[in-house]
Amino acid sequence: MTDKKHRLLLCSQNANFLNTFRAQLESDFDVQLGASPDICEFLVDDWSPHIAVIDGDQMGNLTSELRQSYTYSQLGIIVISMTEGIFKEEFAFRSGADHFLSQPQDYKSIVWRVISLMRKMQGPHLPSAAKYEANDKPASTITIGNVIIYPQDHIVKANGRTLKITPIQFK
């Protein structure tokens, strides 16, 4: 029995959009690339992706067009821009994006947003997001000699006593 993958639609006129992460995306998800707004709208209608990842530098207007036809529970939308700017982020959210990401440097920064959307959209028509979440959970404790570190709680204990440390010291 094969594991059903989430469908991601990458919407960009730039063939190199997310090229750095494309191999990883294709191994984790069922990925299609739409090179024009018309192709992307066709693929959303015909292929029914779970999430659309839109190039905010080239196809920002596509967000509002898709949002007019698809509710937040039907299609998750992530807008990614390779250039910084609060106006791009504001435009993305005002147009109906669920998430905005500027200049992603790490594959996980994209996957975390996909996981977040899958949790919100989770239903019988979607495969489980659990397989992605299991790899992202930090260790519950780290023990070095008589020092125990609790990363999730930002607590450090030595010889059974809780140490008072600043956030910078904790890092």
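What you see is a predicted model; the values in this text were computed from it and never measured.

On a plain count of helices and strands, the protein chain comes out with seven helices and nine strands. Burial statistics for the protein chain: of 171 residues in total, 39% are counted as buried. Carbon and sulfur atoms provide 52% of the accessible area of the protein chain, an area that totals close to 10,200 Å².

What follows concerns the environment of I142. Of note, I142 is situated in strand β6 (residues 142–144). For the pair I142 and V156, spaced 14 residues apart in sequence, the C-alpha separation works out to 9.5 Å. Setting aside chain neighbours within four positions, we find I142 in contact with V147, I148, I149 and P151.

Let us now look at helix α1 (residues 19–28). Of the residues making up α1, those classed as buried are F21, R22 and L25. Across the axial projection of α1, the buried residues extend over an arc of 130 degrees, all falling on one side. Residues of α1 that are exposed and angled more than 90 degrees away from the buried face: T20 and A23.

With that settled, consider the sheet that holds β6. What the four strands build is an open sheet, ordered β6-β7-β8-β9; its pairing is antiparallel. Because the sheet does not close on itself, it has two edges, and the strands there are β6 and β9 (161–162). As defined by bridge partners, strand β8 (residues 155–158) adjoins β9 across two bridges and the pair is classed as antiparallel. Across the sheet, the residue bridging to K157 is T162, located in β9.

Another aspect to go through is the nonpolar core. Counting residues in hydrophobic clusters, the biggest one holds 21 residues, and the most contacted among them are L18 and L25. Elements with a contribution of two residues or more to this core: β1 (7–11), α1, β3 (51–55), β4 (76–81) and α5 (107–121). Ranked by residue count, the leading element in this core is α5, at eight residues. Here L25 is in contact with L8, L10, L18, V31, Y107 and I110, once residues within four sequence places are set aside. One finds C11, W47, L62 and Y70 within the second-largest nonpolar core, a separate group that totals 18 residues.

Glancing now at the packing of aromatic side chains. Enumeration according to the criterion identifies one aromatic pair in this entry. When the centroid spacing of 6.4 Å and the interplanar angle of 35 degrees are considered together, the rings of F21 and Y107 count as tilted. Residue F21 is found in helix α1, and its partner Y107 is found in helix α5; the two are separated by 86 residues along the sequence. Lying across the ring of Y72, R67 places its NZ or CZ 3.9 Å from the centre.

Rules and cut-offs
- Residues numbered from 1 in each chain as written.
- Predicted model: local features only at pLDDT ≥ 70, side-chain atom pairs only at ≥ 80, totals over all residues.
- Heavy atoms only, no water.
- Helix = DSSP H or I, 4+ residues; strand = E, 2+ residues; numbered from the N terminus.
- Buried < 20%, exposed > 50% of the residue type's maximum accessible area, 1.4 Å probe, protein only.
- Areas by Shrake-Rupley, 256 points an atom, 1.4 Å probe, with all protein chains shown as cover.
- Contact = heavy atoms within 4.5 Å.
- Arc of directions from axis to C-beta.
- Pairing = 2+ DSSP bridges.
- Core = buried A, V, L, I, M, F, W, Y, C linked by side-chain atoms within 4.5 Å.
- Phe/Tyr/Trp six-rings, centres within 6.5 Å; stacked < 30°, edge-to-face > 60°.
- Lys NZ or Arg CZ within 6 Å of the ring centre and 35° of its normal.

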